[in-house]
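Spelled out, the chains give:
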There are 2 protein chains.
Amino acid sequence: MSREIPYKIYLEENEMPKQWYNVRADMKKKPAPLLNPATGKPMTAEELGVVFCDELVQQELDDTTAYIDIPQEIRDFYKMYRPSPLVRAYCLEKKLDTPAKIYYKFEGNNTSGSHKLNSAIAQAYYAKKQGLKGVTTETGAGQWGTALSMACAYLDLDCKVYMVKVSYEQKPFRREVMRTYGASVTPSPSTTTEVGKRILEAHPGTTGSLGCAISEAVEVATTNEGYRYVLGSVLNQVLLHQSIIGLESKTAMDKYGIKPDMIIGCAGGGSNLGGLVSPFMGEKLRGEADYEFIAVEPASCPSFTRGRYLYDFCDTGMICPLAKMYTLGSGFIPSANHAGGLRFHGMSSTLSELYDQGLMSARAVEQTEVFAAAEEFARVEGILPAPESSHAIKVAIDEALKCKETGEEKTILFGLTGTGYFDMTAYQKFNDGEMTDYIPTDEDLEAGFAGIPKIPGIQ
Amino acid sequence: MSREIPYKIYLEENEMPKQWYNVRADMKKKPAPLLNPATGKPMTAEELGVVFCDELVQQELDDTTAYIDIPQEIRDFYKMYRPSPLVRAYCLEKKLDTPAKIYYKFEGNNTSGSHKLNSAIAQAYYAKKQGLKGVTTETGAGQWGTALSMACAYLDLDCKVYMVKVSYEQKPFRREVMRTYGASVTPSPSTTTEVGKRILEAHPGTTGSLGCAISEAVEVATTNEGYRYVLGSVLNQVLLHQSIIGLESKTAMDKYGIKPDMIIGCAGGGSNLGGLVSPFMGEKLRGEADYEFIAVEPASCPSFTRGRYLYDFCDTGMICPLAKMYTLGSGFIPSANHAGGLRFHGMSSTLSELYDQGLMSARAVEQTEVFAAAEEFARVEGILPAPESSHAIKVAIDEALKCKETGEEKTILFGLTGTGYFDMTAYQKFNDGEMTDYIPTDEDLEAGFAGIPKIPGIQ
């Protein structure tokens, strides 16, 4: 097999991006603004500043500046684990016997095990710069909490993580990684907050939910001097920071004269997919190039493929601003899909708008076929992928097999967001043949949609 | 801080070593040969060929060829996860406020999580080339078993792992990684072998030991057509394959004109340390350069610092050949130190001979200070180190702090052999302040030494 392209393309330090790319700047029709649920009016910087750091609020609201400088301190941190490799999947191609050329951008080579660190360090940096004492957040599967605790340890910033109680108990190793990095980790719901106490009174014995953990983290941030709340996905600022993934990918591909035909990423809240596609989507928006973009989501939580494009709450506690997005309703409870990072009822407003404009397609896949793809990938490519990332692997393999049938030599790029070391319970279920699939019925979805708020004059 | 040297030095694919380096070729006094315990005479290639693959037997016995070609197939596999980065520990230096320059060679960026994969792929390759059906091995902590299962999956070779029962039960995730890569994993002792049955009869309810698992794996290899036994450390062939670590390190340092003053590695059976120091030791042996080499071992299993240099069995079952090495006696049972990869009673014959000639020094460190160093390192450098690797970190930090006192700008290189994702139970103990130290008494050691065999005419 010819090897003009190395297995792994690493950029030199001086080739690493010095600016993030803000895809909203090139969108003619912008993503809809966040709304204040009390007034139905767009959230102001002042209102957002109660919850988020000032500079991050600016980034959240800025939909016209295309390139934003990455502060030197963040670039120094990036150099500790970036550039991440762009890998040519020679072994997978051979195994599939496909004429397709498959590349993946691997974001798992850092202790947090995923791309989440790209935004965690940025958000922690701006908190530090603002002179804050610390930040609060929630975590479900644990990747985001781990990434944030690493960033805070590096910057000597306090980090309070509210971890969904069921994960806290079932994933003690994730919890210990965060503690090793100095974070305080509280199982949610807890008695450390008013909202936690209320929930515990109403639902004694509850094992918690992401929505509840968000509510607790926001309460702690807004009631403690010197704290702000940070979030690992969905927001525009997160997509901005994550654009480093796409920018590095594009630079590496340009260096070797490679142009992808299709770009595939898993989609939960959109942090990875948005980051990966951003610079390529920019070219498409500016009419400079064309690419096919595919968002892959779990069939058990199909925001894009079966959701509605409406204003909805980002949290089940309904205390956060309203975002216009593809949503299953903030009361939709996804089944226990093992890809915890994709179990979110909504989707980034930016990606939702791009999808709505037909600039991107989406596919829903079931988890047993996802784990089968993960295992096939692991055995030939070596890397043990996270269940979330494996959604993208599944569709990349599907597309490569189509090329085998048609003889097309398509170039496929997909995002391998992280590693599955802390997901072995799920792999064990798969290995033991005990994994099942679940697709919500139309009735399940209707029940979720019923919770989407009616906003006078808007929807 | 000046940044002429990048955070991470990656070699280009064409700069990667094409040959392994065999340090024995440059030793005037060679390591002592393996002896047949029945005859007291050196093991012949024929005798070794019953247990090991033919080409590996040749490598084991060859103490004169300095450079041995790495087959193209193995080099292709190496390219999937190598070159591993040589990292300048800028953040650790800053934290310690030391004039020392600290570098580490990080071998954890692959799914096995350690350097073990470097030899696993080589041993699996030669087994495949010999037309074998599969290989057998034992694993304790699990790094080696994981690495071997990955290599076998890649080459489509059967892989039977005997995993010490207590680890099998306490480390289900490690077990599942191996199963995901298609290996069969059997808790040892088991009823699948004669020796396992005998042990279970004699010690019902035993949780197993590495020595017992070796015995089972060897029995399966020697009684099944088309199988051979493979081992992840101690042997000369393993040090040969692991020389890739030192060769890459040296190439990367040479590229930037860096010369280390001291080279530090953790030492269990010697696979990582031997590989890291080999090319540097070669220069020292040939009188071309001088370096200080420091082996770091756990105080609970102090083969170098308190052991005896004698012929001993490598396994507690006393069925393997005798090796001359620094040993605590094959009956020595190390306390439950969390660095499972360093709990071996003996040491590579090659390293033992180099140590005996005064070409290398050794230090024993206690595990609580090791975990404190690990945590300090993790918080500034990001990487969560394996307990084994952290032994080297501890001494590197000690040496850097000495430089702070003296003002010396020493250049320190240490081996960061792997990641600690599957060691969070140990980190939890440390985080909870429940970790204790254990140093064997002289009486404990005497009991171990009493088991070292008397060999007429030899010792």
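First, a word on scope: everything that follows refers to the structure included in this document.

**Description of the overall build of chain A**
Helices and strands together make up the secondary structure of chain A, namely 18 helices and 15 strands. Principal-axis analysis of the C-alpha atoms gives chain A an extent of 60 × 50 × 50 Å. Sorting the 459 residues of chain A into buried and exposed places 65% on the buried side. In chain A, 76% of the contacts between residues at least 6 apart in sequence involve partners at least 24 apart. Surface exposure of chain A reaches about 15,600 Å², of which carbon and sulfur atoms provide 50%. Measuring between centres, the 46 positive side-chain charges of chain A sit 2 Å from its 59 negative side-chain charges.

**So, the sheet that holds strand E11 (residues 292-298) of chain A**
The seven strands are arranged E1-E4-E5-E15-E10-E11-E14 (chain A) in an open sheet whose pairing can be described as mixed. Looking at the sheet topology across the chains shown, the edges are occupied by strand E1 (8-9) and strand E14 (361-365) of chain A.

**Focus on the pairing of strand E15 (residues 411-416) of chain B**
Residues and elements named next belong to chain B. Counting buried residues in E15 gives six out of six residues, a clear majority hidden from the surface. Relative to E15, strand E5 (residues 101-106) runs parallel, the two being bridged by six bridges. From the neighbouring strand, lysine 101 faces E15, where its bridge partner is threonine 411.

**What about the packing of aromatic side chains?**
Following the criterion strictly, the structure yields 41 aromatic pairs over all chains and no others. Arranged with centres 5.9 Å apart and planes meeting at 75 degrees, the rings of tyrosine 421 of chain A and phenylalanine 422 of chain B form a pair that is edge-to-face. A residue pair is termed interchain when its members come from two chains, as with tyrosine 421 of chain A in the loop between strand E15 (411-416) and helix H17 (424-431) and phenylalanine 422 of chain B in the loop between E15 and helix H17 (424-431). Ring pairs connect the aromatic residues Phe77, Tyr78, Tyr81 and Tyr154 of chain A, which therefore count as one cluster. Of note, arginine 175 of chain B hangs over the ring of tyrosine 168 of chain B, and the distance from its end group to the ring centre comes to 4.8 Å. When the ring centre of tyrosine 309 of chain B is taken as reference, the NZ or CZ atom of lysine 324 of chain B above it lies at 4.5 Å.

**A word on the pattern of salt bridges**
Residue and element names in this part refer to chain A. Applying the stated criterion across every chain yields a total of 58 salt bridges over all chains. Of the charged contacts, one joins lysine 284 and aspartate 290 as a salt bridge, the two residues approaching to 3.3 Å between their closest N and O atoms. By sharing partners, the salt bridges in this structure join Arg82, Lys105, Glu107 and Glu248 into a single network.

**Structural notes on the packing of helix H15 (residues 367-381) of chain A against H17 of chain A**
All names here are of chain A. Two elements in contact, H15 and H17, have axes whose closest approach is 11 Å; the angle formed by their N-to-C orientations is 100 degrees. Judged by the angle between their axes, H15 and H17 are roughly perpendicular. Between H15 and H17, the residues in contact are Thr368, Phe371, Ala372, Ala374 and Glu375 and Ala426, Tyr427, Phe430 and Asn431, respectively. Across the contact of H15 with H17, the residue classes break down as six nonpolar, two polar and one charged.

**Quick word on the side chain of threonine 139 of chain A**
With respect to the helices, strands and loops of the structure, threonine 139 of chain A is situated in strand E6 (residues 134-139). Filtering out sequence-adjacent residues up to four positions away, threonine 139 of chain A remains in contact with Trp144, Gly145, Val161, Tyr162, Met163, Val164, Met178 and Leu210 of chain A.

**Quick look at the packing of helix H9 (residues 194-202) of chain A against helix H10 (residues 210-223) of chain A**
The description of two helices packed together rests on the angle between their axes and the distance between the axes. Residue and element names in this part refer to chain A. Taken N-terminus to C-terminus, the directions of H9 and H10 make an angle of 145 degrees; their axes are 8 Å apart at the nearest point. Along its contact with H9, which presents Glu194, Val195, Gly196 and Ile199, the element H10 presents Cys212, Ser215, Glu216 and Glu219. Looking at the contact of H9 with H10 residue by residue, the class counts come to three nonpolar, two polar and three charged.

Analysis parameters
- Residues numbered from 1 in each chain as written.
- Chains lettered and ligands numbered in written order.
- Predicted model: local features only at pLDDT ≥ 70, side-chain atom pairs only at ≥ 80, totals over all residues.
- Heavy atoms only, no water.
- Helix = DSSP H or I, 4+ residues; strand = E, 2+ residues; numbered from the N terminus.
- Buried < 20%, exposed > 50% of the residue type's maximum accessible area, 1.4 Å probe, protein only.
- Contact = heavy atoms within 4.5 Å.
- Areas by Shrake-Rupley, 256 points an atom, 1.4 Å probe, with all protein chains shown as cover.
- Lys, Arg positive; Asp, Glu negative; His and termini not counted.
- Charge placed at Lys NZ, Arg CZ, Asp CG, Glu CD.
- Pairing = 2+ DSSP bridges.
- Phe/Tyr/Trp six-rings, centres within 6.5 Å; stacked < 30°, edge-to-face > 60°.
- Lys NZ or Arg CZ within 6 Å of the ring centre and 35° of its normal.
- Salt bridge = Lys/Arg side-chain N within 4 Å of Asp/Glu carboxyl O.
- Axes fitted to C-alpha atoms, helices over the stretch in contact; angles between N-to-C directions.
- Parallel < 35°, antiparallel > 145°, perpendicular 65-115°, else oblique.
- Nonpolar A, V, L, I, M, F, W, Y, C, P; charged D, E, K, R; others polar.

On their own, these measurements won't tell you what the molecule is for.
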